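Per-entry structural report
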Amino acid sequence: ALPKSLKIGWASGAFGIALLFNGIGALIFFYMVGILKIEPALAGSLIFVVKLLGAFTDASAGAWSDRINSTRGRRRPFLFWGAFICAASFAMIFTAPAFASQWATAAYVFVGLCLFSLGYSVYNVPYLAMPAEMTDSYHERSSIHSYRIVFVTLGGFVAGALAPAALEALGKTERSSYAIMGLVVAAMAWHATPLGSASG
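A brief structural summary. Treat the numbers as computed from the prediction; the structure is a model and nothing was measured.

Quick notes on the rules
- Residues numbered from 1 in each chain as written.
- Predicted model: local features only at pLDDT ≥ 70, side-chain atom pairs only at ≥ 80, totals over all residues.
- Heavy atoms only, no water.
- Helix = DSSP H or I, 4+ residues; strand = E, 2+ residues; numbered from the N terminus.
- Expected span 1.5 Å × (residues − 1).
- Polar contact = N/O pair within 3.5 Å; in protein donor to acceptor, adjacent residues only side chain to side chain.
- Patch = residues over 30% accessible without salt bridge, like charges linked within 9 Å, V, L, I, M, F, W, Y side chains within 5 Å.
- Areas by Shrake-Rupley, 256 points an atom, 1.4 Å probe, with all protein chains shown as cover.
- Salt bridge = Lys/Arg side-chain N within 4 Å of Asp/Glu carboxyl O.
- Bend = angle between axes of the 7 residues up to and from the residue.
- Core = buried A, V, L, I, M, F, W, Y, C linked by side-chain atoms within 4.5 Å.
- Buried < 20%, exposed > 50% of the residue type's maximum accessible area, 1.4 Å probe, protein only.
- Contact = heavy atoms within 4.5 Å.

1. A look at helix α5 (residues 102-134)
- When the terminal C-alpha atoms of α5 are compared, their 48 Å separation across 33 residues agrees well with the 48 Å that a helix rising 1.5 Å per residue should span.
- In this structure Ser-101 caps α5, since a side-chain oxygen of it lies 3.0 Å from the backbone nitrogen of Trp-103.

2. Some details on a nonpolar patch on the surface
- A cluster of nonpolar side chains, contributed by Leu-170, Ile-180, Val-184 and Met-188, occupies part of the molecular surface with about 330 Å² of accessible area.
- Positionally, Val-184 belongs in helix α7 (residues 175-197).

3. What to know about helix α2 (residues 13-35)
- The end-to-end C-alpha separation of α2 is 31 Å, in line with the 33 Å expected for 23 residues at 1.5 Å each.
- Maximum bend of α2: about 50°, positioned at Leu-27.
- One or two steps after α2, the chain reaches Lys-37, where phi turns positive at roughly 65°.

4. Some words on the nonpolar core
- By size, the foremost hydrophobic cluster in this structure holds 52 residues, and its most contacted members are Tyr-31, Phe-90, Phe-94 and Met-181.
- Sorting the residues of this core by element identifies α1 (4-11), α2, α3 (40-67), α4 (76-94), α5, α6 (138-170) and α7 as the ones contributing at least two each.
- With residues up to four places along the chain from it excluded, the contact list for Phe-94 reads Ile-24, Leu-27, Tyr-31, Tyr-178, Ala-179, Met-181 and Gly-182.

5. Quick notes on the environment of Phe-56
- With respect to the secondary-structure elements, Phe-56 resides in helix α3.
- A residue is classified by how much of its surface remains accessible, and Phe-56, at 57% relative accessible area, is exposed.

Okay, structure coming up:
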């Protein structure tokens, strides 16, 4: 049986990525429309295109991490760089400069969302492949994933409840509030995620 410390160490890697993913999901549309003043149809279209891009990046990240050889293992370099790209792009999105045109603003956010989608795939696909390589036991893999769900839930709670509450306290309609939130959440996720990746 795998030691509990290993299971918790690996599973904790889900917290940061869940925090970022749920933060984007909960806030991005209102942020684009209400704060950045992008037309709703344009904002929705950009989000839809990025979702389609994710299908391609997921498959590519999985195939790439299956083939790579590294002294740190096949998966760990992906986890490190995926976490970095996700955290950096999250901060980039929520600290968008004030452009004169909504099209320039939309292009900036679109690039940030594409980078986030890429980083999410680079991290999450290899991360979820790791339990099958850690043990041949179906029951042990189920146990490992049960720990992961705990950290996913915690990340979702922070993103879905605490981040919006912080925005309310800072001023939900203030651009600077989203910049502060974006930087704080990105820093939290960056420090949390590699902790799990180092244990796999």
